[in-house]
Amino acid sequence: MKKTVLITGASSGFGKATAELFAARGWNVIATMRTPQELPGTFVTPLDVQKPETIRAAIDAGLTRFGRIDAVVNNAGYGAFGVFELTPDEKVREQFEVNVFGVMNVVRAVLPHFRANKGGCIVNVSSGAGVFALPMISLYNASKFALEGFSESLSYELGALGIRVKIVEPGGVITTKFGERSAKEASLLSSGIRDYDSFVSEAHQVFAAMRASRSASKDSTSEHVAEVIFEATNDTSERLRYVATSDILPLVRARRQTSEDEYMAFMRASVAPKPPAGP
Ligand code: NAP
């Protein structure tokens, strides 16, 4: 019998590539989007992770169409970019509404079905930013760290019910609409505090250098991330985390395989803008 996956944020980037890959590999695909547009080989239905009633409706529509859901890919998300103090409270909350509470909303809505089936798989798309912190993305970092902690703990309580939880951690992929949204979010911030100007301009240089190194990383593509999401979904082992692109491996290794002091020294040397010289 064909298996069925529901994917959030399937209008572009990783979500779209993942929907196309699962369909090509013979799965039924419920491709959910805020603004539905045709995606060949998939069943498209509206879903906004900030609106629980649309999540319920999308799950019901998928069940009516296919009878069963075997896996959910929580992919919808975006990255707020900019200095924390310049970010209004509603933007702080929106970052969490989408990247954290949105995922929780989807998980809560699908669990009764998974429990009735005594099985299912939840794949949460985190980020390198769920593993290590970078300057200028404190809110995105906070949201993905929260998602990692939520997913790790959830894996114990759902594992006991035969439901698998997986975390996929991509690095930077510039061919999605992620950068466009981050730039738009940054443009909405106030620029009223000049004290941050030199930090911001140095941070931009750090990001430019990271982008340059990333273009050398051949697996930084949506198609590759989709492959890793597919692998994670089909992996019946207890493995929780899947680093999806090789550009972030040095930072992930520093975080996970060196001491706290070594990690922080490495990060300050490689990604932190230099503090101003003392008086
Ligand atoms: P993308 O092309 O911008 O795709 C993001 C998707 O999320 C879009 O389909 C977008 O829909 C959807 N979305 C945003 N807010 C939503 C909401 N409230 N409800 C439902 N859908 C919503 O970016 P991407 O790079 O593929 O990002 C996908 C995931 O990968 C995100 O969780 C992101 O944090 C993560 N990630 C990305 C990168 C990267 O460098 N690209 C790296 C690591 C992790 P609309 O079209 O309606 O806006």
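Looking at an unreviewed UniProt entry, one finds the chain named Oxidoreductase, short chain dehydrogenase/reductase family protein, with Hyalangium minutum as its source organism. Comment text from UniProt for the chain, heading Sequence similarities (unreviewed entry), reads "Belongs to the short-chain dehydrogenases/reductases (SDR) family."

Attention now goes to the site of the ligand. Taken together, 27 residues surround the ligand, and among them Ser11, Ser12, Arg34, Tyr140 and Thr176 come closest. At 2.8 Å from an oxygen atom of the ligand is found a main-chain nitrogen or oxygen belonging to Asn75. One nitrogen or oxygen atom from the main chain of Phe178 is found 3.4 Å from an oxygen atom belonging to the ligand. For the ligand, the protein covers 92% of the area, taking 890 Å² as the surface of the free molecule. Across the shell around the ligand, the residue classes tally to 10 nonpolar, 12 polar and five charged.

A word on the pattern of salt bridges. This model, assessed by the stated rule, comprises 16 salt bridges. Linking Arg56 and Asp60 is a salt bridge whose minimum nitrogen-to-oxygen distance equals 2.8 Å. One end of the pair is Arg56 and the other is Asp60, both in helix α2 (residues 52–66) and four residues apart, which spans about a single turn. Residue class for Arg56 comes out partly exposed when judged on its relative accessible area of 36%. On the basis of relative accessibility, which here comes to 36%, the residue Asp60 falls in the partly exposed class. One salt bridge connects Glu260 with Arg255, and the closest N-O pair in it is separated by 3.6 Å. Its relative accessible area of 49% is what places Glu260 among the partly exposed residues. Look at Arg255 and you get partly exposed, because its relative accessible area is 29%. The network of salt bridges with common partners includes Glu148, Glu152, Glu169, Arg241 and Arg256.

The rules behind the values
Residues numbered from 1 in each chain as written. Predicted model: local features only at pLDDT ≥ 70, side-chain atom pairs only at ≥ 80, totals over all residues. Heavy atoms only, no water. UniProt positions renumbered as here; feature names shortened; annotations may be inferred. Near = heavy atom within 4 Å. Polar contact = N/O pair within 3.5 Å; in protein donor to acceptor, adjacent residues only side chain to side chain. Areas by Shrake-Rupley, 256 points an atom, 1.4 Å probe, with all protein chains shown as cover. Nonpolar A, V, L, I, M, F, W, Y, C, P; charged D, E, K, R; others polar. Salt bridge = Lys/Arg side-chain N within 4 Å of Asp/Glu carboxyl O. Helix = DSSP H or I, 4+ residues; strand = E, 2+ residues; numbered from the N terminus. Buried < 20%, exposed > 50% of the residue type's maximum accessible area, 1.4 Å probe, protein only.

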